[in-house]
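# An overview of the molecular structure
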Amino acid sequence: MANGQWYPAEWPDRIRALAAGTLTPVTPKRAATVMLLKDTGTGPAVHMLRRRASMAFAAGAYAYPGGGVDPRDDEHHVGWAGPTRAWWAERLGVDETAAQAIVCAAVRETYEEAGVLLAGPTPDSVVGDTTGPDWEADRAALVARDLSFAEFLDRRGLVLRSDLLGAWTRWITPEFEARRYDTWFFVAALPEGQRTRNASTEADRTVWIRPAEAAVSYDKGELLMMPPTIATLRQLTAYGTAAEALASAPDRDLTPVLAQARLEGDEIVLAWPGHDEFTKHIPTGGAPA
């Protein structure tokens, strides 16, 4: 296809099954992903990773660090700096325990997949270089789920810096997908003294790239992306610095974006409300157009 939109071959059949009432939607799992930014001479760049070709979900697609919520972070009280859990609950549209777990997931996944930790020993500080062997041992334990993020913070005597995050948007995987996620997208700036690295076992490449450059590459079909990834990249092009993007986050609408599939004559129309560029027309017996 002309652009780099990720579109699984099994979608048409699953959409038809959903429309026929023979497919029961999977309950989406809570997840978080972070658009990590750093300033350059030509505007902010965003950290992206390319998912390995062996991955069952979105293989080869460029994405941000992210992953599922760990239920263990719902109840365990963690050291916390920045807006209160009540504030985050209202902002994210969930209760306080869920808000804590979602924010923890955002910070944990950024550390697991990019080696960047949005936490510090005090409410107004951030840890420095996290590339030492002792840090790597803890990061590996987090990845293996041998250690919860709340336990990791306790062990290290750290407080989570929720003020370094901005909630950006929320997307829910379409009902016809086999794997579904209710994902909150956050924006954050790379802390001074820290650096990213490809720490993810799910990625074979990482890049720092300006959002506008990534969008052009997507339009040319050079970078493969899922709809929420390219949509958020286009939104980021409006900002000249990472601080500007962070400052705008509290005013952004977090109404979930959920794809809709409907039958129109001899085709299925797949659309994401508010994002017309992703609309697909699928003949009842053919491939998407």
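First, a word on what this report is: a plain description of the structure on this page. (Residues numbered from 1 in each chain as written. Predicted model: local features only at pLDDT ≥ 70, side-chain atom pairs only at ≥ 80, totals over all residues. Heavy atoms only, no water.)

## Quick look at the nonpolar core
Core analysis: the biggest nonpolar cluster contains 39 residues, and Trp88, Leu92, Leu117, Phe149, Phe152, Leu165 and Phe186 have the highest contact counts within it. Residue assignment for this core shows that the elements contributing at least two residues are strand 1 (29–40), helix 3 (85–92), helix 4 (96–114), helix 5 (133–143), helix 6 (149–156), strand 8 (165–172) and strand 9 (181–189). Looking at which element gives the most residues to this core, the answer is helix 4, with nine residues. The next biggest cluster of nonpolar side chains, apart from the first, holds 36 residues, and it includes Trp171, Leu223, Leu236 and Trp272. (Core = buried A, V, L, I, M, F, W, Y, C linked by side-chain atoms within 4.5 Å. Buried < 20%, exposed > 50% of the residue type's maximum accessible area, 1.4 Å probe, protein only. Helix = DSSP H or I, 4+ residues; strand = E, 2+ residues; numbered from the N terminus.)

## Remarks on the packing of aromatic side chains
One pass over the full model with this rule turns up 10 aromatic pairs. With a centroid separation of 6.4 Å and 80° between ring planes, the pair formed by Tyr111 and Trp135 is classed as edge-to-face. Of this pair, Tyr111 sits in helix 4 while Trp135 is found in helix 5, placing the two residues 24 residues apart along the sequence. Of the two residues, Tyr111 and Trp135, neither departs from the other in class, the shared state being buried. Ring geometry for Trp272 and Phe278: centres 6.0 Å apart, planes at 80°, overall edge-to-face. The residues Trp272 and Phe278 share a single accessibility class, namely buried. Among the aromatic residues, those joined into a ring-pair cluster are Tyr111, Trp135, Phe149 and Phe152. The ring of Trp135 has Arg156 sitting right over it, with the charged end atom 3.8 Å from the ring centre. The positively charged end of Arg252 is found above the aromatic ring belonging to Trp168, 4.2 Å away from the centroid. (Phe/Tyr/Trp six-rings, centres within 6.5 Å; stacked < 30°, edge-to-face > 60°. Lys NZ or Arg CZ within 6 Å of the ring centre and 35° of its normal.)

## A few points about helix 8 (residues 227–236)
Residues spaced three or four apart along an α-helix face the same direction, because each turn holds 3.6 residues. Burial analysis of helix 8 places eight of its 10 residues in the buried class, which makes it a mostly covered element. Restricting attention to buried positions, one finds in helix 8 the residues Pro227, Pro228, Thr229, Ile230, Ala231, Thr232, Leu233 and Leu236.

## Describing the side chain of Ser162
Secondary-structure assignment places Ser162 in the loop between strand 7 (159–161) and strand 8. A polar contact is formed between the side chain of Ser162 and the side chain of Trp80, at a distance of 3.5 Å. In this structure the side chain of Ser162 is engaged in a polar contact, spanning 3.1 Å, whose partner is the side chain of Trp88. When near neighbours in sequence (up to four residues on either side) are disregarded, Ser162 contacts Trp80, Ala81, Gly82, Pro83, Trp88 and Val103. (Polar contact = N/O pair within 3.5 Å; in protein donor to acceptor, adjacent residues only side chain to side chain. Contact = heavy atoms within 4.5 Å.)

## Describing the sheet that holds strand 14 (residues 275–283)
The strand order 12-13-14 describes an open sheet built from three strands, whose pairing is antiparallel. The open sheet has two free edges, formed respectively by strand 12 (260–264) and strand 14, since each of these has just one partner strand. Here the average twist between neighbouring strands, direction ignored, is 20°. (Pairing = 2+ DSSP bridges. Axes fitted to C-alpha atoms, helices over the stretch in contact; angles between N-to-C directions.)

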